[in-house]
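Each chain, written out:
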Amino acid sequence: MSMSIWRAGAAALALVGLVNGGQALAAGPCSPSPAHEAFDVQGLKSQLMVTALSCGAQDKYNNFVGKFRTKLAAEEHVLNGYFSTTYGRNAQRQHDDYITQLANVQSERGLQAGTAFCQQHVSMFDEVQELESTADLSNYAQAKDIIQPASYLTCTAPNRPAAAPTRSRTPARRTVRS
């Protein structure tokens, strides 16, 4: 009887681990990948586009795009690679869906904020114009509270050290960590 209680407890812990595993992974240490930066920059670009269209600041948006054209194109290339690697043949559709959803959630936030939206967001154009480098743009995008439509796993896998050759005739035990 006590063995079945132990098994039930172990199963419950395993279930909690599975349910919370995604949260733990998201909150745990993670080596950011280039895709993480690309999502941040794309989110900022979309937020500025929504702001420009909602607040009549198209000239400011055009100035932003002109100033950071090379960086924006490079991050778009990284996103294409991310979606291609993650979704294979469905990459373009998934990428398009992401861009559409991103603009939609940001527009919805703007509608909810009402007239305060433009007061809160137009100043971002002045802030990005003051940035001096593409690294500054990435840091700015990461620091801003830019809404995203979904969470994408963008961590890089840690490098595995080369296994040292063993001379033992008995099989080595391997521990799998999750």
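Residues numbered from 1 in each chain as written. Predicted model: local features only at pLDDT ≥ 70, side-chain atom pairs only at ≥ 80, totals over all residues. Heavy atoms only, no water.

(A) Focus on the nonpolar core. The biggest cluster of nonpolar side chains holds 18 residues, and the ones touching the most others in it are Leu44, Leu48, Tyr61, Phe64, Val128 and Leu137. Elements with a minimum of two residues in this core: α2 (34-55), α3 (58-67), α7 (123-130) and α8 (134-143). Tallying contributions element by element places α2 first for this core, with 4 residues. Apart from residues no more than four positions distant in its own chain, Leu44 is found in contact with Met124, Val128, Leu137, Tyr140, Ala141 and Ile146. By size, the runner-up hydrophobic cluster in this structure holds 9 residues, among which are Phe39, Leu79, Phe83 and Ala91. (Core = buried A, V, L, I, M, F, W, Y, C linked by side-chain atoms within 4.5 Å. Buried < 20%, exposed > 50% of the residue type's maximum accessible area, 1.4 Å probe, protein only. Helix = DSSP H or I, 4+ residues; strand = E, 2+ residues; numbered from the N terminus. Contact = heavy atoms within 4.5 Å.)

(B) Structural detail: the side chain of Glu75. Structurally, Glu75 is set in helix α4 (residues 69-87). A distance of 2.6 Å separates a polar atom in the side chain of Glu75 from a polar atom in the side chain of Lys71. Other than its neighbours up to four places away in sequence, Glu75 contacts Pro34, Glu37, Ala38, Val41 and Ser138. (Polar contact = N/O pair within 3.5 Å; in protein donor to acceptor, adjacent residues only side chain to side chain.)

(C) Representation of the pattern of salt bridges. What the rule picks out here adds up to 4 salt bridges. A salt bridge links Glu75 to Lys71; the shortest N-O distance between them is 2.6 Å. Here Glu75 pairs with Lys71, and both are found in helix α4, just 4 residues apart, close to one helical turn. The pair formed by Glu75 and Lys71 is uniform in burial state, with each residue classed as buried. Between Lys144 and Glu127 there is a salt bridge, with the nearest N and O atoms lying 3.3 Å from each other. Here Glu127 lies in helix α7 and Lys144 lies in the segment after α8, a separation of 17 residues in the sequence. For Lys144, a relative accessible area of 29% translates into the label partly exposed. (Salt bridge = Lys/Arg side-chain N within 4 Å of Asp/Glu carboxyl O.)

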